[in-house]
Amino acid sequence: MIRLQNVEKVYRTSTIETLALNNINLNVKKGEFVSIMGPSGCGKSTLLNIMGLLDEPSKGHIEIDGSKVDRYEDKELAQLRNKKLGFIFQSFHLINDLSVIDNVEIPLLYRSSSARQRRELAQEALEKVGLSNRMKHFPKQLSGGQKQRVAIARAIVGKPEIILADEPTGNLDSAMGNEILSILQKLNEDGATIVMVTHDDAMARRTHRLIRLFDGTQVL
Ligand SMILES: Nc1ncnc2c1ncn2[C@@H]1O[C@H](COP(=O)(O)OP(=O)(O)OP(=O)(O)O)[C@@H](O)[C@H]1O
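In the annotation of an unreviewed UniProt entry, the chain is listed under the name ABC transporter ATP-binding protein and assigned to Dyadobacter sediminis. Note on the chain: under the UniProt heading Sequence similarities (unreviewed entry), the record states "Belongs to the ABC transporter superfamily. Macrolide exporter (TC 3.A.1.122) family."

Novice: I'd like a description of the overall build of the chain, backed by residues and values.
Specialist: The secondary structure content of the chain amounts to seven helices and 10 strands. Relative to the globule expectation of 17 Å for 220 residues, the C-alpha radius of gyration of the chain, 17 Å, shows essentially globular dimensions. Structurally, the chain occupies a C-alpha span of about 45 × 40 × 40 Å along its principal axes. Each of the 220 residues in the chain was classed as buried or not, and the buried ones make up 40%. Considering only intrachain contacts with a sequence separation of at least 6, the fraction spanning at least 24 residues in the chain is 70%.

Novice: Before we move on, could you go through the site of the ligand and cite the residues and values that matter?
Specialist: Close to the ligand lie Tyr-11, Thr-13, Thr-18, Ala-20, Gly-38, Ser-40, Gly-41, Cys-42, Gly-43, Lys-44, Ser-45 and Thr-46. Of all elements in the fold, only β2 (17–28) and α1 (44–51) reach the threshold of two or more residues within the shell around the ligand. In terms of residue count, the dominant contributor to the shell around the ligand is α1 (three residues). Across the shell around the ligand, the residue classes tally to three nonpolar, eight polar and one charged.

Novice: Pulling in residues and values, what's your account of the environment of Ile-95?
Specialist: Here Ile-95 shows up in the loop between β6 (85–89) and α3 (100–105). Looking at Ile-95, the number of C-beta atoms within 10 Å reads 12, which means it is exposed. Spatially, the C-alpha atoms of Ile-95 and Arg-118 are 17 Å apart, while their sequence positions differ by 23 residues.

Novice: Got a sec to walk through the UniProt feature "domain: ABC transporter" (unreviewed entry) in the chain? Specific residues and values, please.
Specialist: UniProt's feature table lists "domain: ABC transporter" (unreviewed entry) at residues 2–219, given in the numbering used throughout. For residues 2–219, the helix share is 33%, the strand share is 27%, and the end-to-end C-alpha distance is 19 Å.

Novice: If you had to explain the sheet that holds strand β5 (residues 67–68) to someone new, which residues and values would you point to?
Specialist: Across a sheet, paired strands are connected by hydrogen bonds in the backbone, their directions being either parallel or antiparallel. Taken in spatial order, the four strands of this open sheet run β2-β1-β4-β5, and their pairing is antiparallel. Edge positions in the open sheet fall to β2 and β5, since each of these has one partner strand only. Pairing of strand β1 (residues 2–12) with strand β4 (residues 59–64) involves five bridges; the strand directions are antiparallel. Note on β4: the bridge partner recorded for Arg-3 is Glu-63.

Novice: Give a description of the pairing of β2 that names residues and reports values.
Specialist: Across eight bridges, the pairing between β1 and β2 is antiparallel. Bridging across to β2, Tyr-11 finds its partner in Thr-18. The antiparallel pairing of β1 with β2 creates a hairpin that spans four residues between the two strands.

Novice: Explain the nonpolar core residue by residue, including any values.
Specialist: Counting 57 residues, the largest nonpolar core has Val-104, Ala-153, Ile-163, Leu-164 and Ile-194 as its most contacted members. Sort the elements by how many residues they give to this core and helix α5 (residues 144–156) lands first, with six residues. Beyond its immediate stretch of four places on either side in the chain, Ala-153 contacts Val-104, Ala-125, Leu-126, Lys-128, Val-129 and Leu-131.

Novice: Help me get a handle on α1, residues and values and all.
Specialist: The element α1 is largely enclosed, with a buried count of six among its eight residues. Buried residues of α1: Lys-44, Thr-46, Leu-47, Leu-48, Ile-50 and Met-51, and no others. Positive phi shows up at Leu-53, right after α1, with a value of about 60°.

Novice: Provide a residue-level description of the environment of Gly-177, including the pertinent values.
Specialist: With respect to the helices and strands, Gly-177 occurs in helix α6 (residues 174–189). With 132 residues separating them in the primary sequence, Gly-177 and Ser-45 have C-alpha atoms 19 Å apart. Other than its neighbours up to four places away in sequence, Gly-177 contacts Thr-169, Leu-172 and Met-203.

About the criteria used
- Residues numbered from 1 in each chain as written.
- Predicted model: local features only at pLDDT ≥ 70, side-chain atom pairs only at ≥ 80, totals over all residues.
- UniProt positions renumbered as here; feature names shortened; annotations may be inferred.
- Helix = DSSP H or I, 4+ residues; strand = E, 2+ residues; numbered from the N terminus.
- Rg over C-alpha atoms; globule rule 2.2 N^0.38 Å.
- Buried ≥ 20, exposed ≤ 12 C-beta atoms within 10 Å, placed from the backbone.
- Contact = placed C-beta atoms within 7 Å.
- Near = placed C-beta within 6 Å.
- Nonpolar A, V, L, I, M, F, W, Y, C, P; charged D, E, K, R; others polar.
- Pairing = 2+ DSSP bridges.
- Core = buried A, V, L, I, M, F, W, Y, C linked by C-beta atoms within 7 Å.

Laid out in structure tokens, this is it:
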């Protein structure tokens with residue numbers, strides 16, 4: 001589903017060059033739930049962003065669902081991202097001025113769906129995360145766990161095959177974190193391929209496979 005071949009990422013500033021990823025080769029299969037762990041600065045977010053086509057590797061190749069994306073133009077990358085991928089971040093990234101349901105509808109604005117279809121899909125996604133009773137609320141009226149559930153609803157509203165989550169439980173207490181992981185496990189059982197960055201061993205143990213990074217190199 002996601003294949004990386006000899007991927008290298010170098011960040012250059014005027015004073016320093018950082019090898020954030022060093023010759024990464026990996027293959028995430030359809031239906032897998034994989035976690036990525038490693039110390040701060042080892043390249044976890046960089047790897048997730050490259051898998052999610054949010055950042056380009058300096059060297060190497062990426063394949064998403066059999067499509068080699070190396071030569072894709074920005075517009076094609078954006079279309080593929082919108083169609084196949086859903087993103088969840090540690091700090092939720094909700095828009096405070098929009099209601100819960102309007103936040104969830106955002107990814108659908110880039111598709112040719114009607115206002116009614118958008119509303120129905122957003123309601124369905126909010127039901128899946130157990131938040132259909134908060135549709136008209138605004139993010140500031142929600143707890144951290146509820147905000148993350150809205151963010152998950154937004155990630156799944158377009159029915160993506162792949163969900164990429166960057167420390168989705170990092171800002172939550174352990175009870176909330178467990179609840180979020182149970183929602184991700186259910187989405188995985190229903191067919192989504194999931195890659196999750198985490199610092200939490202207990203969360204990683206609940207996934208199928210662990211990828212461990214150290215200084216940009218895959219050590220497991
Ligand atoms: N835009 C950038 N410009 C320059 N260096 C960067 C940039 N983004 C990341 N880096 C460097 O690349 C390395 C990997 O960063 P990355 O954010 O992928 O690590 P991480 O494992 O996700 O860390 P954390 O667990 O602290 O979030 C770090 O040394 C970081 O300083």
